[in-house]
Amino acid sequence: MRKAIETLKNIWKIEDLRQRILITILFVAIYRFGSYVVLPGINPAMLAKLHEQTSEGLLALLNMFSGGAFSNASIFALGIMPYISASIVIQLLGIAVPYFQKLQREGESGRRKMNQYTRYLTIAILLVQAPSYLLNLKMQAGPSLNASLDWTLFMVTSTIILAAGSMFILWLGERITDKGIGNGISFIILIGIIARFPDALIQEVVSRVANKSGGLIMFIIEVVFLLLVIGAAILLVQGTRKIPVQYAKRIVGNKQYGGARQYIPLKVNAAGVMPIIFAQAIMFIPITFIGFSNNVNNAGGFLHAFTDHTSFWYNFVFAVMIILFTYFYTAITINPTQMAEDMKRNNGFIPGIKPGKKTAEYIDDIMSRITLPGSFFLALVAIMPAFAGIFGVQAGFAQFFGGTSLLILVGVVLDTLQQVESHLLMRHYDGLLKSGRIKGRAGVAAY
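Per an unreviewed UniProt entry, the protein chain carries the name Protein translocase subunit SecY and comes from Bacteroides thetaiotaomicron. Per UniProt, the protein chain carries the Subunit (unreviewed entry) text "Component of the Sec protein translocase complex. Heterotrimer consisting of SecY, SecE and SecG subunits. The heterotrimers can form oligomers, although 1 heterotrimer is thought to be able to translocate proteins. Interacts with the ribosome. Interacts with SecDF, and other proteins may be involved. Interacts with SecA."

Right, here's the structure in full:
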């Protein structure tokens with residue numbers, strides 16, 4: 001406890017870190033406030049059916065990502081997921097379309113253009129999702145609409161408000177990245193997930209005790225298992241494979257350089273949580289096309305299977321997509337050829353491996369070997385909530401037994417703590433842990 005208090009005092013002493021934390025808290029407070037600002041013309045007291053609809057199934061997951069804004073018919077109801085979907089499409093175009101491949105090679109100017117196209121595509125997606133959401137709102141919460149309301153005018157104005165709300169969330173995320181702590185987009189998703197945890201925990205306790213389905217003993221077993229899953233997720237995020245690199249001696253003037261052996265830490269899960277976020281965004285597409293409606297219960301087997309997050313086919317396709325996205329994202333973030341060239345330029349080599357092409361092939365082979373089990377483990381953790389549901393865990397609480405929510409929570413928290421520790425160590429203060437430095441998704445310890 002004394003160590004924690006001393007660390008908090010040290011954090012407060014660092015002016016830049018203090019300002020970043022306060023700015024992050026301010027932006028998060030704005031985001032949470034907006035989650036309760038209801039669309040004009042909606043009576044929030046009449047949204048019981050919408051709350052019931054989003055209490056389970058795929059819509060419950062979508063509601064969790066929005067921090068409850070979806071079920072509140074809020075101006076932030078569509079959240080940040082449309083931007084994630086647009087990012088997926090643009091990154092895929094960077095592989096298949098020569099024009100976007102050229103933009104990727106243009107450095108900062110190309111990145112700005114890619115971001116601009118991503119925003120345009122986000123707006124296009126919002127202009128499809130917003131009317132779909134409003135049509136579902138009319139079916140589920142018709143009494144909540146003002147009787148004298150012009151439906152056409154309501155659709156137009158509310159679509160603009162919902163689109164503007166999502167773009168404002170994107171702006172908040174970018175400001176958190178620039179002026180706050182951590183990756184702003186991931187942090188926004190994290191806040192939405194954490195906001196749903198207290199209610200989910202209380203509902204699970206009430207369910208176990210009131211319904212006599214195992215009582216407190218069963219709840220304690222669930223918590224222990226949850227902690228084990230969290231530990232496994234941390235190992236997945238932090239796991240590395242080190243490759244030894246020997247640097248040749250160089251004498252420049254009277255000084256000697258090189259000669260020491262160092263290690264390149266290759267992440268078991270170099271893609272972090274991005275594959276699971278990308279896959280989840282794509283799995284939300286069927287809900288968009290059917291208008292979020294309860295008609296899905298009467299739909300054909302194929303459509304129903306892909307809107308039920310506990311079904312076999314949903315989880316099978318979800319797991320396969322995570323594995324594929326893990327390889328895809330690892331390929332665009334780790335460049336073995338560039339790493340080999342950098343080593344050769346600095347007179348470094350891997351013992352027993354020829355510099356240049358052979359070194360690149362060796363690193364690529366190692367990455368393929370460690371990415372395979374990492375991607376399978378990531379997929380297993382992702383579909384864990386479906387197994388929790390089989391054992392009677394409430395849908396809201398089951399989402400924290402794995403899946404997107406748990407991995408985002410673990411990954412973003414570790415990244416944020418890593419940034420805080422970097423500020424502390426840079427100012428010659430003790431880090432957050434005595435046993436060693438915190439490792440985030442980047443795979444490099446904070447110095």
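More follows now that the structure is in view.
(A) Highlighting the overall build of the protein chain. Of regular secondary structure, the protein chain possesses 19 helices and five strands. Counting over 447 residues, the protein chain shows a buried share of 47%. Long-range contacts, defined here as pairs at least 24 residues apart, represent 71% of the contacts in the protein chain between residues at least 6 apart. When the accessible surface of the protein chain is totalled, it reaches about 22300 Å², and 64% of it is carbon and sulfur.

(B) Region of interest: the side chain of Ser-375. Along the chain, Ser-375 falls in helix 16 (residues 357–382). Exposure remark for Ser-375: the relative accessible area of 0% places this residue in the buried category. There is a polar contact of 2.7 Å between the side chain of Ser-375 and the backbone oxygen of Leu-372. Once residues lying within four places of it in the same chain are set aside, the contact partners of Ser-375 are Ile-322, Ile-323, Thr-326 and Tyr-327.

(C) Seen up close, the packing of helix 2 (residues 15–34) against helix 9 (residues 184–210). Two elements in contact, helix 2 and helix 9, have axes whose closest approach is 11 Å; the angle formed by their N-to-C orientations is 60°. The pairing of helix 2 with helix 9 is recorded here as oblique in orientation. As helix 2 runs across helix 9, the sense of the crossing is right-handed. Here Thr-24, Val-28, Tyr-31 and Arg-32 of helix 2 come into contact with helix 9, specifically with Phe-187, Ile-188, Ile-191, Gly-192 and Ala-195. Class assignment for the residues of the contact of helix 2 with helix 9 results in six nonpolar, two polar and one charged.

(D) Fine view of the pattern of salt bridges. Evaluation of the coordinates by the stated rule reveals seven salt bridges. Linking Asp-16 and Arg-20 is a salt bridge whose minimum nitrogen-to-oxygen distance equals 3.5 Å. In this pair, Asp-16 and Arg-20 both sit in helix 2, four residues apart, roughly one turn of the helix. Among the residues examined, Arg-20 registers a relative accessible area of 22% and is labelled partly exposed.

(E) Representation of the nonpolar core in the model. With 88 residues, the main nonpolar core has Ile-84, Tyr-133 and Phe-318 as its most contacted residues. Counting contributing residues, this core receives three or more from each of domain 1 (11–179) and domain 2 (197–429). Ranked by size, the runner-up nonpolar core spans 12 residues in total, among them Val-245, Ala-270, Ile-350 and Ile-366.

(F) Structural context of the side chain of Thr-24. Along the chain, Thr-24 falls in helix 2. Those residues in contact with Thr-24 that sit more than four places away from it in its chain are Ile-176, Gly-180, Ile-181 and Phe-187.

(G) How the structure looks around helix 11 (residues 274–283). The buried fraction of helix 11 amounts to nine of the 10 residues, a majority that puts the element mostly inside the structure. Among the residues of helix 11, Met-274, Pro-275, Ile-276, Ile-277, Phe-278, Ala-279, Gln-280, Ala-281 and Met-283 are the ones counted as buried.

(H) Layout of the packing of aromatic side chains. Taken as a whole and assessed by the stated rule, the structure comprises 12 aromatic pairs. For the ring pair Phe-100 and Tyr-117, a centre distance of 5.7 Å and an interplane angle of 70° mean the geometry is edge-to-face. Taken as a pair, Phe-100 in helix 6 (residues 98–104) and Tyr-117 in helix 7 (residues 108–140) lie far apart in primary sequence, 17 residues in all. Looking at Phe-100, the relative accessible area reads 12%, which means it is buried.

Definitions and limits used
Residue numbers here run from 1 along each chain, matching the order of that chain's written sequence. Only residues with pLDDT of at least 70 are given local features in this predicted model, and only at 80 or more are side-chain atom pairs given and counted; all residues enter the totals for whole chains, interfaces and linings. The side-chain numbers reported here are obtained from all heavy atoms of the structure, hydrogens and water having been left aside. UniProt positions are given in the numbering used here, feature names are shortened, and annotations may be inferred rather than shown by experiment. Per the convention used, a helix needs a DSSP run of H or I reaching at least four residues, while a strand needs a run of E reaching at least two, with both numbered from the N terminus. Partly exposed residues are those whose accessible area sits between 20% and 50% of the maximum for their type, while under 20% is buried and over 50% is exposed, using a 1.4 Å probe and protein chains only. We call two residues in contact whenever any of their non-hydrogen atoms come within 4.5 Å of each other. For every accessible area listed, the method is Shrake-Rupley and the probe measures 1.4 Å; residues are considered covered only by the protein chains on display. Pairs of N or O atoms are called polar contacts if they sit within 3.5 Å, as long as, within protein, a hydrogen donor faces a hydrogen acceptor (for residues adjacent in sequence, only side-chain-to-side-chain pairs). Here an axis means a line fitted to C-alpha atoms, over the contact stretch when the element is a helix, while the angle between two N-to-C directions is reported on a 0 to 180 degree scale. Every angle not falling under 35 degrees, over 145, or within 65 to 115 is termed oblique; those three ranges are roughly parallel, roughly antiparallel and roughly perpendicular. Should the near helix be turned anticlockwise from the far one by less than a right angle, the crossing is left-handed, and should it be turned clockwise, the crossing is right-handed. Throughout, the ten residues Ala, Val, Leu, Ile, Met, Phe, Trp, Tyr, Cys and Pro are labelled nonpolar, Asp, Glu, Lys and Arg are labelled charged, and all others, Gly among them, are labelled polar. The rule for a salt bridge is simple: a side-chain nitrogen of Lys or Arg has to be within 4 Å of a carboxyl oxygen of Asp or Glu. Put simply, a nonpolar core is a bunch of buried Ala, Val, Leu, Ile, Met, Phe, Trp, Tyr and Cys residues held in one set by side-chain atoms that sit within 4.5 Å of each other. Just so you know, the domain bounds were taken from an automatic or database domain assignment. Aromatic rings from Phe, Tyr and Trp, taking only the six-membered ring of Trp, are treated as a pair when their centres fall within 6.5 Å; an angle between ring planes under 30 degrees marks them as stacked, one over 60 as edge-to-face, and anything in between as tilted.

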